[in-house]
There are 2 protein chains.
Amino acid sequence: MNRRTLLKFVGRAGGAAAVLTTMNAMGLLHTQATANTRPNLISQSGDGTRVVILGAGIAGLTAAYELSKAGYDCTVLEARDRAGGRNWTIRGGDVIRETDTQQTCPFEADPHLYFNTGPARLPHHHTNILGYCKELGVPLEVIVNDNRAAYFQDDAAFGGQPMLNRRILNDSRGYIAELLAKAIHNHALENDLTVEDKERILEFVSRFGDLDADYLYKGSGRAGYTTPPGAAMVSGSKYDPIDLSELLNSDFWRFKLNFAEGFNQAATMLQPIGGMDQIVKAFERQVGHLIQFNTEVTQIRKLGNGVRIVYTDRSNGAESAVEADFVICTLPLSVLAGIDADFSTDYKAAIDRASKGYINAVKHAFQADRRFWEEDHQIYGGISWTTRDITQIWYPANGFHGAKGVIVGAYIWDNEIAARVDTLPPEERLVKAIEDGSTIHPNYRDEVAPAQGCSVAWGKIPYSQGGWMEWDEATRADVYPILNQPDGPIYLAGEHLSYLTGWQEGAVLSAHEAVRGLAAQIQSRQAS
Amino acid sequence: MNRRTLLKFVGRAGGAAAVLTTMNAMGLLHTQATANTRPNLISQSGDGTRVVILGAGIAGLTAAYELSKAGYDCTVLEARDRAGGRNWTIRGGDVIRETDTQQTCPFEADPHLYFNTGPARLPHHHTNILGYCKELGVPLEVIVNDNRAAYFQDDAAFGGQPMLNRRILNDSRGYIAELLAKAIHNHALENDLTVEDKERILEFVSRFGDLDADYLYKGSGRAGYTTPPGAAMVSGSKYDPIDLSELLNSDFWRFKLNFAEGFNQAATMLQPIGGMDQIVKAFERQVGHLIQFNTEVTQIRKLGNGVRIVYTDRSNGAESAVEADFVICTLPLSVLAGIDADFSTDYKAAIDRASKGYINAVKHAFQADRRFWEEDHQIYGGISWTTRDITQIWYPANGFHGAKGVIVGAYIWDNEIAARVDTLPPEERLVKAIEDGSTIHPNYRDEVAPAQGCSVAWGKIPYSQGGWMEWDEATRADVYPILNQPDGPIYLAGEHLSYLTGWQEGAVLSAHEAVRGLAAQIQSRQAS
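Residues numbered from 1 in each chain as written. Chains lettered and ligands numbered in written order. Predicted model: local features only at pLDDT ≥ 70, side-chain atom pairs only at ≥ 80, totals over all residues. Heavy atoms only, no water.

Examining the overall build of chain A
Okay, step 1: A count of helical and extended segments in chain A gives 16 helices and 27 strands.
Okay, step 2: Scaling as 2.2 N^0.38, a compact globule of 528 residues should have a C-alpha radius of gyration of about 24 Å, and chain A matches this with 27 Å.
Okay, step 3: For the C-alpha atoms alone, the extent of chain A along its principal axes is close to 80 × 70 × 40 Å.
Okay, step 4: With 528 residues in all, chain A has 62% of them scored as buried.
Okay, step 5: Here the analysis covers contacts within chain A between residues at least 6 apart in sequence; of these, 69% occur between residues at least 24 apart.
Okay, step 6: Carbon and sulfur atoms make up 48% of the accessible area of chain A, which amounts to about 19000 Å² in all.
Okay, step 7: Of the charged side chains in chain A, 49 are positive and 64 negative; the average position of the first set lies 4 Å away from that of the second. (Helix = DSSP H or I, 4+ residues; strand = E, 2+ residues; numbered from the N terminus. Rg over C-alpha atoms; globule rule 2.2 N^0.38 Å. Buried < 20%, exposed > 50% of the residue type's maximum accessible area, 1.4 Å probe, protein only. Contact = heavy atoms within 4.5 Å. Areas by Shrake-Rupley, 256 points an atom, 1.4 Å probe, with all protein chains shown as cover. Lys, Arg positive; Asp, Glu negative; His and termini not counted. Charge placed at Lys NZ, Arg CZ, Asp CG, Glu CD.)

Next comes the structure, spelled out in structure tokens:
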């Protein structure tokens, strides 16, 4: 019995309400956000249990928050002088230290002039990180991911000129629709469509592509106007459609055109008002007192009945140690692989292998003294794309119409490009980024300057050594299940131990897993 | 010579820079927003000229602002006790008076608990109204128009159950792509595509629809998950695709699916922070002293050399008159048709005929004491659609995660539906709207109540008598050009005299036209 037959059967027997219940049970209804995985540990259930958490990023903060609420005695060791890890918002005066360079962010002081160097978006269905925003009082606003007024630029198409998103996208829809309508008229799909469906599909694609009465695509107001409709006798003139072959010469349709339909990229996307690190600050209000900053972990030792963490105080070089019943290690695998630790052989091998999978993301940002993207291009938030190394330019979805603004002048997540870029001194990266960006905004050189910018190459940021983990299929199959188990008293957590790598939700969910696992281990010890 | 040949020719002769210049001249580059039509009158050029402006809506406020800056002696006559016209944001305690009913808005006092009863969106390319927002200090934020987490509900499809926007939209794309790929494999488009394009188009549609290696649509993460990817071993399970015939049974693809690609509806869409009437308040800070409230115009008389406006003071019934050199009349034609005026015969006939074209839009709103759309459905802003009379439910794009929220419980712009709805007393409208909305949110009855709602039927709002003008083709051809000319010293202005009816930008552009025409008339008088 197929689903449709089943539902008809249920409907006949139990009416619409029964169909609804059944569909719901079958997962046919409603959005399914990431499940609420909050551990909800019993109050005081952790009394007397010591947990050391390595890393005060989102995973570590989550673990500290949940465990300390249940009475666990938590210590968070953080190598940097700040919490947040890769959730790092920088503002004027902040210092960026890479392995071999140092920059000071040159932005002016203003609530809107910040740069989310790491995660910058919160999908609406990431209910666990959003739940913390709500519970801990982090106000949110919409971030624009997909803007019809932004540009696509391809050195190999359209003479290298920037093309409006709305033209590329809607001309593509128009041609797809026109071709399908032609095929149907040519009787190419007689076996695939009923007569009734065929008629309706013609109408469907005609609406989808904005075809004319002859099912031809002759341009659409959706693609925009050279002279838009106005007052009095200004009725407007549409753009002529882009030639189909020219469209196909470009690279947009390989990824960029469909990017914003992705499950984790589709509207509504959100951001904390005032910078992503508002989430970090909110967690710190709860568990900041548990964090020991400037403590670089050098050894992870298993004891007979617990763990011993050896660390260096970076302010004076002194070595200390802390013992605990458990450790939750949220360090990136790229960092963990370099730490002297009593992992079992398999576990160590798994860490070493996976640690090669990091994306060395690079982001630059510039303060512009004029919001030229708004004034000259009517771009309010969103992303322009280019085939150049900078890959993207992001426009701020906040501070509209203000005097100044910060734009993300590059967002690179291809390791080959990153390798080219991150070996350059930051100033040279910025010079090159302005050159690249000039293909999108011809006046770019007049609007931004290297001295107004800064760059973060995550592969070269100590204690991160990468942007996020990307599992290839084989490594995911061989190694991932191992690392999702504890190695004795040691639990790993972080975005890398999820199918949401690169997302804070992945870090939160993974921390919940570790917390729950740890609590269950205690319970089973007590029971035995 | 076609465009491509021309550009090649230019490129060979003058290089890339010449191509860019030519493309720009040909309108092939960059977004064209509505032209900046600000009249920029010469300072003091209006000294000694008296202008009466009828109506303190957006057109009237714009005219008063531009004229008074240039020294014109302006008076604005406004029948209501407030400015803004159809730009009307209501909050707790505000009174809604229709021709035969009166309601008091029951919302609690809170900056986020407001209801934009008229215009509620600002497209990014409406540069004139946005220019006033910038100049007059109206802070803006993003409004979500298209949300993949919102619902489509159709009584005639899917057993009447609400379906996720992301499923409908991405399954549609999948099927369109699959059918086109099949047609290409069936050699149905041999005459339409070169061999090279054919290969690329297959790849193109495969990406567009997220097809599998066999060019079949088997569902896509874009359409969402019954269990989304999570941490540890939760890799996620996609929805099965909706049956194509079931999709075609629905009405979504006729309009709703493509709505947000419309030129005036596509991202980025903006809204003033705190309500659309922040624009009105900003104008009032400039020209509020020129407005005489509660003055209902009863006669428009031409004099030998000017105009005489007779009006009733609504506070005491007293009749008065004001004389001026010119009048700019921004009253809706539906209102103007009922006023005793010295229009020429053709002009009067034109007004009468056009005045029948108004859309009697209806909007309801409810305060909900729980933001169930966020908590239960991960809906942050955007619009759900239904085949029921309410047509849409709008979710607020502000005040996220707050304790309470205001949702638009109906937005109707079909005059047939409006006629059914607006004859009901407001409370009955709200009862019915809750019934309709329950098809989208099964728990709706527990979340909103008629006592927490209010309704505005624009066809029954005195001094508006309609939501906006919609020109049919014949009336636009016959009558529209006449009304865009002055009738002696009388200029008409408003959204109705534009190709952007229903948009504030249309009202602004039209006011600019009237102001410019009036100034030119004076100049030509002085010259002769």
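After that view of the structure, there is still more to cover.
What to know about the packing of helix α2 (residues 58-69) of chain A against helix α7 (residues 278-287) of chain A
Residue and element names in this part refer to chain A.
Okay, step 1: Taken N-terminus to C-terminus, the directions of α2 and α7 make an angle of 30°; their axes are 10 Å apart at the nearest point. It follows from the interaxial angle that α2 and α7 lie roughly parallel. Seen along the crossing, α2 lies across α7 with a hand that is left-handed. Contacts from I58, L61, T62, A64, Y65 and S68 in α2 reach I279, V280, F283, Q286 and V287 in α7.
Okay, step 2: Residues that form the contact of α2 with α7 fall into these classes: eight nonpolar, three polar and no charged. (Axes fitted to C-alpha atoms, helices over the stretch in contact; angles between N-to-C directions. Parallel < 35°, antiparallel > 145°, perpendicular 65-115°, else oblique. Left-handed = near helix turned anticlockwise from the far one by under 90°. Nonpolar A, V, L, I, M, F, W, Y, C, P; charged D, E, K, R; others polar.)

Section: the relation of the copies chain B and chain A
Okay, step 1: Expressed as a screw transformation, the operator carrying chain B onto chain A has a rotation angle of 180° and an axial translation of 0.0 Å, and the superposed copies differ by an RMSD of 0.0 Å. The operation mapping one copy onto its partner corresponds to a two-fold rotation axis. (Least-squares fit on C-alpha atoms with pLDDT ≥ 70 in both.)

A closer look at the side chain of E505 of chain A
Residues and elements named next belong to chain A.
Okay, step 1: Examined against the element boundaries, E505 turns out to sit in helix α16 (residues 504-527).
Okay, step 2: It turns out E505 is buried and unbridged, and the closest side chain with the opposite charge, R38, is 9.6 Å from it.
Okay, step 3: Of the polar contacts made by the side chain of E505, one reaches the backbone nitrogen of T127; its length is 3.4 Å.
Okay, step 4: Residue contacts for E505: discarding those within four places in its chain leaves T34, H126, T127, N128, I129 and L500. (Salt bridge = Lys/Arg side-chain N within 4 Å of Asp/Glu carboxyl O. Polar contact = N/O pair within 3.5 Å; in protein donor to acceptor, adjacent residues only side chain to side chain.)

Concerning the packing of aromatic side chains
Okay, step 1: In the structure shown here, the tally under the stated rule is 49 aromatic pairs over all chains.
Okay, step 2: Sitting above the plane of the Y411 of chain A ring, K363 of chain A keeps its charged end 5.0 Å from the centroid. (Phe/Tyr/Trp six-rings, centres within 6.5 Å; stacked < 30°, edge-to-face > 60°. Lys NZ or Arg CZ within 6 Å of the ring centre and 35° of its normal.)

A look at the state of the cysteines
Residue and element names in this part refer to chain B.
Okay, step 1: A full pass over the atoms with the stated rule returns zero disulfides over all chains.
Okay, step 2: Just so you know, C454 is unpaired, no disulfide at all, and the nearest cysteine sulfur is the one on C105, 4.1 Å from it.
Okay, step 3: Residue classification places C454 among the buried residues on the basis of a relative accessible area of 0%. (Disulfide = S-S within 2.5 Å.)

A word on the sheet that holds strand β7 (residues 122-123) of chain A
Residues and elements named next belong to chain A.
Okay, step 1: A sheet is described by the order of its strands in space; here three strands give the open sequence β7-β13-β8, paired in antiparallel fashion. Taken across any chain shown, the strands that pair with only one partner, and hence form the sheet edges, are β7 and β8 (140-143).
Okay, step 2: Bridge count for β7 against strand β13 (residues 269-272) is two bridges, and the pairing is antiparallel. Residue pairing in the sheet places L122 in a bridge with L270 of β13. (Pairing = 2+ DSSP bridges.)

As for the pattern of salt bridges
A side chain with one charge can pair with a side chain of the opposite charge if their charged atoms come near.
Okay, step 1: One pass over the full model with this rule turns up 78 salt bridges over all chains.
Okay, step 2: For R370 of chain A, the salt bridge is made with D376 of chain A, and the minimal N-O distance between the two is 2.7 Å.
Okay, step 3: For the salt bridge of R38 of chain B with E66 of chain B, the shortest nitrogen-to-oxygen distance reads 2.6 Å. With R38 of chain B in the loop between α1 (3-25) and β1 (50-54) and E66 of chain B in helix α2 (residues 58-69), this residue pair connects regions lying 28 residues apart in the sequence.

Brief notes about unusual backbone geometry
Okay, step 1: With an omega of 5°, the peptide bond running from A267 of chain A to T268 of chain A counts as cis.
Okay, step 2: One can find T268 of chain A in the loop between α6 (244-249) and β13.
Okay, step 3: Even without a glycine there, the phi angle at N40 of chain A is positive, about 45°.
Okay, step 4: Residue placement: N40 of chain A occurs in the loop between α1 (3-25) and β1 (50-54).
Okay, step 5: Positive phi values are uncommon outside glycine, yet H187 of chain B reaches one of about 60°.
Okay, step 6: Take H187 of chain B: it is sitting in the loop between α4 (165-185) and α5 (195-209).

Here's the deal with helix α11 (residues 415-422) of chain B
Residue and element names in this part refer to chain B.
Okay, step 1: Among all positions in α11, only I417, A418, V421 and D422 are buried. The buried residues of α11 all sit within an arc of 115° when viewed along its axis, so they share a single face.
Okay, step 2: Contacts from the buried residues of α11 go to β21 (362-368), β24 (405-412), α12 (426-437) and β25 (453-457).
Okay, step 3: The N-capping residue of α11, defined by a side-chain oxygen 2.7 Å from the backbone nitrogen of E416, is D414. (Arc of directions from axis to C-beta.)

Details of the environment of L67 of chain A
All names here are of chain A.
Okay, step 1: Inspection of the secondary structure puts L67 in helix α2.
Okay, step 2: Accessibility expressed as a relative area gives 0% for L67, which makes it buried.
Okay, step 3: Beyond its immediate sequence surroundings of up to four residues, L67 is in contact with L41, V51, I53, Y72, C74, I328, V515 and L518.

Considering the pairing of strand β13 (residues 269-272) of chain B
Residues and elements named next belong to chain B.
Okay, step 1: By the alternation rule, side chains of β13 split into M269 and Q271 and L270 and P272, which are all buried.
Okay, step 2: Here four bridges tie strand β8 (residues 140-143) to β13, and the two strands are oriented antiparallel to one another. Looking at the pairing, L140 lines up with P272 of β13.

A few points about the interface of chain B and chain A
A common way to state how big an interface is: give the accessible area lost once the parts meet.
Okay, step 1: Taken residue by residue, the interface counts 106 residues in chain B and 106 residues in chain A.
Okay, step 2: Around 9900 Å² of area is buried between chain B and chain A when both sides are counted, 63% of it from carbon and sulfur atoms.
Okay, step 3: Scanning the region where chain B abuts chain A turns up six salt bridges.
Okay, step 4: Its salt-bridge partner being K182 of chain B, residue D192 of chain A comes within 3.1 Å of it at the nearest N-O pair.
Okay, step 5: On inspection of chain B and its partner chain A, the count reaches 36 residue pairs in polar contact (both at pLDDT 80 or more).
Okay, step 6: Tallied by class, the residues present in the side of chain B that touches chain A amount to 52 nonpolar, 31 polar and 23 charged. (Buried area = accessible area lost by both parts, 1.4 Å probe.)

Focus: the domain arrangement of chain A
All names here are of chain A.
Okay, step 1: Segmenting chain A into domains produces domain 1 (50-84 + 290-356 + 486-527), domain 2 (89-150 + 267-276 + 361-460) and domain 3 (165-250).
Okay, step 2: Taking both partners together, domain 2 and domain 3 bury about 370 Å²; carbon and sulfur atoms supply 39% of that area.
Okay, step 3: Run the count over domain 2 and domain 3 and you get zero salt bridges.
Okay, step 4: At the boundary of domain 2 with domain 3, the tally comes to four residue pairs in polar contact (both at pLDDT 80 or more).
Okay, step 5: Along the lines of polarity and charge, the residues of the side of domain 2 that touches domain 3 split into two nonpolar, one polar and two charged. (Domains from an automatic or database assignment.)

Regarding the side chain of H125 of chain B
Okay, step 1: Here H125 of chain B is to be found in the loop between β7 (122-123) and α3 (127-136).
Okay, step 2: Overall, H125 of chain B belongs to the buried group, its relative accessible area being 0%.
Okay, step 3: Apart from residues no more than four positions distant in its own chain, H125 of chain B is found in contact with R166 and Q378 of chain A together with A33, T34, F263 and N264 of chain B.

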